[in-house]
Amino acid sequence: MSTHTVSNAGVMLGRSMRHITRSLDTIITVTITPIAMMLLFVYVFGGAIQAGTDNYVNYLLPGILLIAIASGIAYTAYRLYGDLQSGIFERFHSMPIARSAVLWGHVLTSLVSNLISVVVIVLVGLLMGFRTSAGPLAWLAVAGILVLFTLALTWLAVIAGLSASSPDGASAFSYPLIFLPFISSAFVPTDTMPGPVAWFAQHQPVTSIVDTIRALFAQQPVGNDIWIALAWLVGILVVAYAFAMAVYHRKIA
């Protein structure tokens, strides 16, 4: 992005963040709901789940973080759809601002708001007994993976927001993304699942991402998981970005 676009995107970011701070339901869904889910799985189901670890919150936390992000990006699509329908895009485009800054404002808002919710969830996890021996480099690697995950899903949300014909349709695309961690190694090892389900769980992107984050937190070798995770994330991000920009240019043409 050019300096002009970055400056404009910063203004759009401030506008969207003000909307979020005034929306209590967004805060509840993005932060409190994943925390409630973590409490439920650790204190209600945790004793019955065989995850091969004595500290189930350590096993569970990476998946909860991904669920929180998948929940949060639904609001990006919803807000983008609302801006399109309200005519605010036309008003912005009549001003001397970079046209792509409108989209980048929504994307950066998603990134900032989701990282805030991730920090809150990690802090709650620490109170629940989450412990890690990860050093600064491992934490930076985890943060980088979560940023890539957020950006990849946010550009998918941009496509949904630009293409939807109703507010419900704009946010409904996120439901499969929220459900995907449940069929992965996020809650239980994949080898405890029935054959076809285990095969799907082992070969879908969430499992490699969760396993990589879990290994980084535990200071264990990440093996090939990190490369598989990065391949998935970068691939989705590049394709989603290109498709979103193509849809956007058709919309404003």
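Residues numbered from 1 in each chain as written. Predicted model: local features only at pLDDT ≥ 70, side-chain atom pairs only at ≥ 80, totals over all residues. Heavy atoms only, no water.

- Taking an unreviewed UniProt entry as the reference, the protein is identified by name as Transport permease protein belonging to Glycomyces mayteni.
- The UniProt entry for the protein carries the following comment under Sequence similarities (unreviewed entry): "Belongs to the ABC-2 integral membrane protein family." (UniProt positions renumbered as here; feature names shortened; annotations may be inferred.)

Regarding the overall build of the protein
- What the protein contains, in helices and strands, is eleven helices and zero strands.
- When contacts within the protein are restricted to residue pairs at least 6 apart in sequence, long-range pairs at least 24 apart make up 80% of them.
- Accessible surface computed for the protein: about 11900 Å², of which carbon and sulfur atoms make up 68%. (Helix = DSSP H or I, 4+ residues; strand = E, 2+ residues; numbered from the N terminus. Contact = heavy atoms within 4.5 Å. Areas by Shrake-Rupley, 256 points an atom, 1.4 Å probe, with all protein chains shown as cover.)

Examining the UniProt feature "transmembrane region" (unreviewed entry) in the protein
- With numbering aligned to this structure, UniProt lists the feature "transmembrane region" (unreviewed entry) at residues 24-45, 57-81, 102-130, 136-160, 172-190 and 226-248.
- Split by type, residues 136-160 is 100% helix and 0% strand. Its first and last C-alpha atoms lie 36 Å apart.
- Taken end to end, residues 172-190 comprises 37% helix and 0% strand; its first and last C-alpha atoms sit 27 Å apart.

Some points on the confidence of the model for the protein
- On average, residues of the protein score 83 in pLDDT, and 80% of them are at 70 or above.
- Within the protein, the element-level pLDDT minimum falls on helix H4 (residues 88-93), averaging 61, and the maximum on helix H10 (residues 205-218), averaging 94. (pLDDT = per-residue confidence, 0-100.)

Section: the packing of helix H6 (residues 136-163) against H10
- Running from amino to carboxyl end, H6 crosses H10 at an angle of 160°, the nearest separation of the two axes being 9 Å. Comparing their axes, H10 and H6 come out roughly antiparallel. Seen from above, H6 lies across H10 with left-handed handedness. On H10, the residues touching Ala-138, Trp-139, Ala-141, Val-142, Ile-145, Leu-146 and Phe-149 of H6 are Ile-209, Thr-212, Ile-213, Leu-216 and Phe-217.
- When the residues that make up the contact of H6 with H10 are grouped by side-chain class, the tally is eleven nonpolar, one polar and no charged. (Axes fitted to C-alpha atoms, helices over the stretch in contact; angles between N-to-C directions. Parallel < 35°, antiparallel > 145°, perpendicular 65-115°, else oblique. Left-handed = near helix turned anticlockwise from the far one by under 90°. Nonpolar A, V, L, I, M, F, W, Y, C, P; charged D, E, K, R; others polar.)

As for unusual backbone geometry
- The backbone of Gln-219 sits at a positive phi, close to 55°, despite the residue not being glycine.
- Tracing the sequence through the fold places Gln-219 in the loop between H10 and helix H11 (225-252).

Looking at the environment of Phe-217
- One can find Phe-217 in helix H10.
- For Phe-217, a relative accessible area of 5% corresponds to the buried category.
- Between the C-alpha atom of Phe-217 and that of Tyr-59, which follows or precedes it by 158 residues, the distance is 9.8 Å.
- Beyond its immediate stretch of four places on either side in the chain, Phe-217 contacts Pro-62, Phe-130, Thr-132, Ser-133, Ala-134, Trp-139 and Val-142. (Buried < 20%, exposed > 50% of the residue type's maximum accessible area, 1.4 Å probe, protein only.)

Focus: the packing of aromatic side chains
- For the structure shown, the criterion picks out nine aromatic pairs.
- Connected via pairs of aromatic rings, a cluster forms that spans Phe-41, Phe-179, Phe-182 and Phe-187.
- Looking at Arg-214, its charged tip hangs above the ring of Tyr-59, at a distance of 3.6 Å from the centre. (Phe/Tyr/Trp six-rings, centres within 6.5 Å; stacked < 30°, edge-to-face > 60°. Lys NZ or Arg CZ within 6 Å of the ring centre and 35° of its normal.)

Focus on the environment of Ile-35
- Secondary-structure assignment places Ile-35 in helix H2 (residues 24-45).
- Overall, Ile-35 belongs to the buried group, its relative accessible area being 14%.
- Taking the C-alpha atoms as reference points, Ile-35 and Gly-125, 90 residues apart in sequence, are found 8.4 Å from one another.
- Look past the residues within four positions of Ile-35 in its chain and what remains in contact with it is Val-120, Ile-121 and Val-124.

Structural notes on H10
- For H10, spanning 14 residues, the distance from its first C-alpha to its last is 20 Å, which sits close to the expected 20 Å at 1.5 Å a residue.
- The element H10 is extensively covered by neighbouring structure, given that twelve of its 14 residues are classed as buried.
- Here H10 has its buried residues at Pro-205, Val-206, Thr-207, Ser-208, Ile-209, Val-210, Thr-212, Ile-213, Arg-214, Ala-215, Leu-216 and Phe-217.
- Capping the start of H10 is the job of one residue whose side-chain oxygen sits 2.9 Å from the backbone nitrogen of Val-206: Gln-204.
- Gln-219 lies just past H10 and shows a positive phi near 55°. (Expected span 1.5 Å × (residues − 1). Polar contact = N/O pair within 3.5 Å; in protein donor to acceptor, adjacent residues only side chain to side chain.)

Brief notes about a nonpolar patch on the surface
- A cluster of nonpolar side chains, Leu-39, Leu-40, Tyr-43, Val-44 and Phe-45, forms an exposed patch at the surface whose accessible area comes to about 470 Å².
- Mapped onto the elements of the fold, Phe-45 is located in helix H2.
- Look at Phe-45 and you get partly exposed, because its relative accessible area is 38%. (Patch = residues over 30% accessible without salt bridge, like charges linked within 9 Å, V, L, I, M, F, W, Y side chains within 5 Å. Salt bridge = Lys/Arg side-chain N within 4 Å of Asp/Glu carboxyl O.)

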